[in-house]
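# Examining the three-dimensional arrangement
Now for the letters of each chain:
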Amino acid sequence: MAIRLSERKYVAELLHGAKIGEKYVVAGWVDTIRIHGKLVFIILRDRTGKMQLVVKRNISENAWREAKKLSPESVIGAKGILVESKAALGGREIVVEELVVYSKADPLPIDIKDHSKTTLAKRLDWRFLDLRNPRNQLIFLVEAEMARAAREYFYNNGFVEIYTSKIVGAATEGGAEVFSIVYFDKPAFLAQSPQLYKQMGVISGFEKVFEIGPAFRAEPHHTTRHLTEYTSVDFEMGFIDSYEDVMRVAEQAVLSMIQAGLERYGKRVREFFPNTLDRVPRSIPRITIREAYKLLRSSGVSVEEGEDLSSEAERKLGEIVLREYDAPLVFVTEYPWRVRPFYTMRKSDEPEWTYSFDLLFRGLEIATGGQREHRYEVLVKQLEEKGLNPKNFEWYLSMFRYGAPPHGGAGIGLERVVMQFLGLGNIREARLLPRDPERLVP
RNA sequence: GCCGCGGUAGUAUAGCCCGGCCUAGUAUGCGGGCCUGUCAAGCCCGUGACCCGGGUUCAAAUCCCGGCCGCGGCGCCA
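Before going into details, it helps to say that this report is about the structure given with it. (Residues numbered from 1 in each chain as written. Chains lettered and ligands numbered in written order. Predicted model: local features only at pLDDT ≥ 70, side-chain atom pairs only at ≥ 80, totals over all residues. Heavy atoms only, no water.)

Relative orientation of the contacting elements helix H7 (residues 243–272) and helix H12 (residues 414–422) amounts to 45°, with a least axis distance of 12 Å. In terms of orientation, H7 and H12 fall into the oblique class. The two elements H7 and H12 cross, and the hand of that crossing is right-handed. Here Met257, Ile258, Gly261, Leu262 and Val269 of H7 come into contact with H12, specifically with Leu414, Val417, Phe421 and Leu422. (Axes fitted to C-alpha atoms, helices over the stretch in contact; angles between N-to-C directions. Helix = DSSP H or I, 4+ residues; strand = E, 2+ residues; numbered from the N terminus. Parallel < 35°, antiparallel > 145°, perpendicular 65-115°, else oblique. Left-handed = near helix turned anticlockwise from the far one by under 90°. Contact = heavy atoms within 4.5 Å.)

This part is about a nonpolar patch on the surface. The grouping of Ile167, Tyr183 and Phe184 at the surface amounts to a nonpolar patch, some 350 Å² of accessible area in total. As for its placement among the helices and strands, tyrosine 183 is situated in strand S8 (residues 180–183). (Patch = residues over 30% accessible without salt bridge, like charges linked within 9 Å, V, L, I, M, F, W, Y side chains within 5 Å. Areas by Shrake-Rupley, 256 points an atom, 1.4 Å probe, with all protein chains shown as cover. Salt bridge = Lys/Arg side-chain N within 4 Å of Asp/Glu carboxyl O.)

What follows is about unusual backbone geometry. The residue phenylalanine 239 is not glycine, and still its phi comes out positive at about 60°. In this fold, phenylalanine 239 is placed in the loop between strand S11 (229–238) and H7. Its relative accessible area of 55% is what places phenylalanine 239 among the exposed residues. One non-glycine residue, arginine 362, lies in the positive phi region at around 50°. Along the chain, arginine 362 falls in the loop between strand S14 (356–361) and strand S15 (364–372). The exposure class assigned to arginine 362 is partly exposed, which follows from its relative accessible area of 32%. (Buried < 20%, exposed > 50% of the residue type's maximum accessible area, 1.4 Å probe, protein only.)

With that out of the way, let us pick up the nonpolar core. Of all hydrophobic cores here, the largest spans 57 residues; its most connected members are Met146, Phe154, Phe235, Ile258, Leu329 and Phe421. A total of 13 residues in this core trace back to one element, the largest contributor, which is H7. Leave out the neighbours within four places in its chain, and phenylalanine 421 touches Val142, Met146, Ile258, Gly261, Leu262, Asn275, Thr276, Leu277, Phe361 and Arg362. Formed by 24 residues, the second largest nonpolar core is a distinct cluster that contains Val11, Ile33, Ala63 and Ile76. (Core = buried A, V, L, I, M, F, W, Y, C linked by side-chain atoms within 4.5 Å.)

Next up, the structure:
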C-alpha cells in the first residue's frame, strides 16, 4: 500500500517515454496547488521538471482530503496512473490514487515563483528557498558545467591539478587586501591567490599545473562585480616562448567553458536569461593597451596614457570591440609596468610595458595573466622597484635560484564568467553563498 | 575607504518633497467559504506594516540628528 520511493520516477521520464496507462510513483515539491472543490490540481516539481497531478475525490477520498490541506513547497509522494491530458502542462498528468505528505511547508518568507518579486538581499537570506526556482538553480548547473569543461580542457592538455594552501603565512603581493586570521599563536592570512604556489608547481617539475579553488580579498568593494570570496580558475605553464602561449590556453579554456554551458544548457538558458551569450565566439581578438587608449580616445572616453583602464573604459572598450570585431571577448595586452605586480615580465625592448594581459568579457575583466619573470636578479630588482622588501620574499625568490623555466599563467574568475555569459546584473547571483563586506551569513 | 540613494504587513510597493484629510492605499501571500478541468484558477469574507534611538512641533510614516542594515557609483580587482 505504502509508496516506495525506490520505485520513484522523475518527472522528465514520465513526460517523455513512460507508458500511458501504467501506475507510477512520483515525489518532489508542491510547486502550485489549485483547489476546485472535489478536484485538486497539484503541480509537482523535482530536479527534472514539473508536471501535473490531479486528485479526485471520487478516485480517492483520502488523497483528496490530504491534498486539500497542502501548502506550496511541501514535499509529497504520490502514486497513480499516467494519463494523457490535453489540458495538462506537458500533455500528461498523474491521476492520484495514493498521496503521502512527507513534510508540510510553512508559509514562505519570499516569493520563489518569480525571482524579480523579491530583492536579492532577501533572496540570499533564504538562499535554500531561492534555489528552488529553476532559473536560479540553473545558474549553478551552468557554473558546474563550466568548471567541469575547464578542468577537462586542462586535463586533456597535459596540466596537473594541484591543491594549494589557502592558509598562508605571508601576503602574496603585500598590501592590505588580505584577511588576517589567527593560526594558533601566529598571525596568518587567507590566500588572495594561488599565484606563488602555482609557480612553484611549474618550477617543481610538473611543468603545467592548474587549480580551481577559493580566493579571498578583503577589499570593501560595494559593487555588482566583487565578492570577498570567489572561485579562481588558475593555471601556470612552463617552457613557453612568450605570453602568447599563455593567452592561447586562456582563450581555449574560456571558450570551452562557454561552449559547454551552451551545449548542455543552451535551450534552458535562453529561456530564462534573455541577455545570455547565445553562440560561442570563434576566437578572441588581441589589442595592446596602447591601441585600446587610442580606440577609447577616438570614442570620446578620456584615458590616461600609461594608466590602467577604469571600469568605465573597460565597459566602453567592450562595446567598441563588439562593434568593430563582432567579438564579446577581447584580450588587452602589454599593460604598463607600473600597474602590474612585481613578478610580471617586462617587455625586453620597452621596459615600461609588460608581457601581460587582461581578458575582458562584455566589458568586464574576467581574467588576468602573462609571462612571469624567472630570472632571479631581475626579480629582486623588480621587488625593490615596487617598494617591497626582498627579505619578505625569501622563500619565493629561492625558487628562482635552482632552475626555473620561462613560464606564465593566468587566473580566471569563475563567477564573473558565469555572470557575463548569462548576462546577470549582479555577481552575487552567481555565487551560491556570496560574501561581501556586509554579508557573512548564511 | 569615499560619495549618492534608500529602509512602510510574509513579499513587492503607494504615501514622504509641500507634517494634520493615514482609522496608512494596492498587489500578492496567509486563514475561511463556494466550485470536477484548472494552469500565477476564479469569486466572496477576513488578516497583517511605518528599521532602532533621540529631537523639533499642538501634531511626525512624512522634518532634523545618530546608529544599524540594504542598493549602487568610484578607486581597485577576478
